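Secondary and tertiary structure notes
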Amino acid sequence: MANLKEIRSRISSVSSTMQITGAMKMVSAAKLKKAQDAILSMKPYAYKLKQLLEHLSSALGSENVYNPRAGETKNVLIVAITSNRGLCGAFNSSVVKKVLELQQTTFKGKQLHFYTLGKKGNDILRKTDKVLANNNHIFDNLSYAAAADVASELMQLYTSQQFDQIVLVYNSFKNAATQILTTETFLPIQPVSSKEAVTDYIYEPSKREIVEELIPRSLKMQLFKALRDSVASEHGARMTAMHKATDNAQELKNELILTYNKARQATITGEIIEIVGGSEALA
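Residues numbered from 1 in each chain as written. Predicted model: local features only at pLDDT ≥ 70, side-chain atom pairs only at ≥ 80, totals over all residues. Heavy atoms only, no water.

1. Concerning the pattern of salt bridges
Formally: Salt bridge, as used here: a side-chain nitrogen of Lys or Arg that lies within 4 Å of a carboxyl oxygen of Asp or Glu. To qualify as a helix, a DSSP run of H or I must reach at least 4 residues; to qualify as a strand, a run of E must reach at least 2; elements of each kind are numbered from the N terminus. Per-residue accessibility, obtained with a 1.4 Å probe over protein chains only, is compared with the maximum for each type, and a residue is labelled buried under 20%, exposed over 50%, and partly exposed between these values.
Tallied over the entire structure, the rule returns nine salt bridges. Note that Lys43 and Asp229 form a salt bridge whose closest N and O atoms lie 3.5 Å from each other. Of this pair, Lys43 sits in helix α1 (residues 2-60) while Asp229 sits in helix α5 (residues 207-282), placing them 186 residues apart in sequence. On the basis of relative accessibility, which here comes to 24%, the residue Lys43 falls in the partly exposed class. One salt bridge in this structure joins Lys98 and Glu101, with 3.6 Å as the shortest N-O distance. Of this pair, Lys98 and Glu101 both sit in helix α2 (residues 91-104), three residues apart, which is roughly one turn of the helix. Looking at Glu101, the relative accessible area reads 41%, which means it is partly exposed. One network of salt bridges, with partners in common, ties together Lys43, Lys225 and Asp229.

2. Focus: the layout of surface pockets
Cut-off, in case you're wondering: The definitions used throughout rest on a 1 Å grid laid over the protein atoms alone, on which a cavity is an enclosed set of points accommodating a 1.4 Å probe that cannot get out and a pocket is an open set flanked by protein within 12 Å on both sides along at least five of seven lines; lining residues are those having an atom within 4 Å of a point. Grid points are joined across faces, edges and corners, and a volume is the space filled by probe spheres set on the points. Side-chain classes are defined by residue name, with Ala, Val, Leu, Ile, Met, Phe, Trp, Tyr, Cys and Pro counting as nonpolar, Asp, Glu, Lys and Arg as charged, and the others, Gly among them, as polar.
Estimates place the volume of the largest pocket at around 540 Å³. In terms of lining residues, the largest pocket is bounded by 17 residues, among which Phe139, Asp140, Leu142, Val231 and His235 are the most central. Listed by contribution, the elements that provide at least two residues to the lining of the largest pocket are α1 and α5. In terms of residue count, the dominant contributor to the lining of the largest pocket is α5 (six residues). Here the residues of the lining of the largest pocket sort into six nonpolar, four polar and seven charged. Surrounding the second largest pocket, Lys43, Ala46, Tyr47, Lys50, Gln51, Glu54, Glu184, Gln222 and Lys225 form its lining. Counting only elements with at least two residues in the lining of the second largest pocket, the list comes to α1 and α5. Counting residues per element, the lining of the second largest pocket draws most heavily on α1, which supplies six residues. Of the residues assigned to the lining of the second largest pocket, the class counts are two nonpolar, two polar and five charged.

3. Considerations on the nonpolar core
What counts here: Among buried residues, the Ala, Val, Leu, Ile, Met, Phe, Trp, Tyr and Cys ones that are joined through side-chain atoms within 4.5 Å form a nonpolar core. Whether two residues touch is decided by their heavy atoms; if any such pair falls within 4.5 Å, the residues are in contact.
Judged by nonpolar contacts, the single largest core of 41 residues is most densely connected at Leu154, Ile166, Phe186, Leu187 and Leu219. At the level of secondary structure, the elements contributing two or more residues to this core comprise α1, β1 (75-81), β2 (111-117), α4 (144-159), β4 (165-175), β5 (178-187) and α5. For this core, the leading source of residues is α5, giving 10 residues. Setting aside residues no more than four positions away along its own chain, Ile166 makes contact with Leu77, Val79, Leu154, Tyr158, Glu184, Thr185, Phe186 and Leu187. Counting residues in each nonpolar core, the second largest holds 13 residues, with Ala80, Val96, Phe114 and Leu125 among its members.

4. Brief notes about the packing of aromatic side chains
The geometry of an aromatic ring pair is captured by the separation of the ring centres together with the interplanar angle, meaning the angle of the planes. Heads up, the condition is: Classification of ring pairs rests on two measures: the distance between centres of Phe, Tyr or Trp rings, Trp counted by its six-membered ring, which must be within 6.5 Å, and the angle between planes, read as stacked under 30 degrees, edge-to-face over 60 and tilted in between. Note on geometry: a ring has a charge over it if NZ (lysine) or CZ (arginine) is within 6 Å of the ring centre and within 35 degrees of the ring normal.
Per the counting criterion, the structure on display carries one aromatic pair. Seen in terms of ring centroids, Tyr144 and Phe224 are 5.8 Å apart; in terms of plane orientation they differ by 80°. Their pairing is edge-to-face. Here Tyr144, found in helix α4, pairs with Phe224, found in helix α5; they are 80 residues apart in sequence, far enough to count as distant. Residue Tyr144 is classed as partly exposed on the basis of its relative accessible area, which comes to 32%. Here the guanidinium or amino end of Arg69 rests over the ring plane of Tyr158, the centre of that ring lying 4.2 Å away.

5. Concerning a nonpolar patch on the surface
Selection criterion: Nonpolar side chains (Val, Leu, Ile, Met, Phe, Trp, Tyr) are joined into patches within 5 Å and like charges within 9 Å, using only residues with over 30% relative accessible area and no salt bridge. Values of accessible area rely on a 1.4 Å probe in the Shrake-Rupley scheme; residue burial ignores everything except the protein chains shown.
Where nonpolar side chains cluster on the molecular surface, the patch consists of Ile268, Ile272 and Val276 and spans about 240 Å² of accessible area. Examined against the element boundaries, Ile272 turns out to sit in helix α5.

6. Re the pairing of β1
Convention followed: Strand pairing follows a simple DSSP-based rule, namely that at least 2 bridges must link the two strands. Handedness of a crossover is defined as follows: with both strands directed away from the viewer, a clockwise route from the first strand across the helix to the second makes it right-handed.
For β1, a buried count of six out of seven residues is recorded, marking the element as mostly surrounded by other parts of the structure. Examined bridge by bridge, β1 and β2 share seven bridges and lie parallel to one another. Bridge pairing links Val79 to Tyr115 in β2. This β-α-β element, β1 to α2 to β2, shows right-handed connectivity. For β1 and β4, the ladder comprises five bridges, and the chain directions are parallel. Of the residues in β4, the one forming a bridge with Leu77 is Ile166.

7. A word on unusual backbone geometry
Cis peptide bonds are those with omega within 30 degrees of zero, and the linkage from Leu187 to Pro188 qualifies with 0°. Summarising the element assignment, Pro188 is placed in the loop between β5 and α5. Even without a glycine there, the phi angle at Asp129 is positive, about 65°. For Asp129, the location among the structural elements is in the loop between α3 (119-125) and β3 (131-135). Taking the relative accessible area as the measure of exposure, Asp129 reaches 70% and is therefore exposed. A positive phi angle is found at Gln161, which is not glycine, with a value near 65°.

In structure tokens form, the structure reads like this:
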């Protein structure tokens, strides 16, 4: 009977887990709809703005302080965008693995530092003693203003020549079940090739004001887009992970019920044999 009690306890525990994972799946699904609408409506604008930014950078040349600098790239800052919460499959670990991979491959031999956006990435990367700064609160209430503040900080780090290159690593949203691990250069701005560059711009009011106003605004929008991409990807990854967890829990529960029924049947059969044996002994 102790064995039966243990199985009943496990069935009850798995049922409770199913209720939790099922509720988390529904919550993530509701949040995903809002985040998905936000990023899908933003992507065309952000893409066109980035395209314009690249053409402007080519046309402005050395007048643009955000263009690549002459000389070797020595100091690199990687911005790792993760989440503040777990239970979302490989969403966070894939970003961290990519960052550590870049450290050993693309940027091997460089002076490398990390800027973490999200608690989960910071928890792991801070052990490397290379985390320059961390911002966990940006996802508490994600807004353009909050993204703009971080983008301004990154731009200052580049223009002050503390870093020669700033790279974003994050999950880009494709659909609820698919997140694309993305690595893109935030700074310097990568100019288009000379064949693609448009040189017949009429600058109004002036080149200087374009550098001071339009380009920073475009960079802020680029970071805001990456953050929204990451948020939508997080909800999609968590919804998928909780769906799989619920299915696995249901499968385990069915197996436990079958085991319980078999054990109960064996116990009843044993009791019947004992009764029959006792009756025969009395006879």
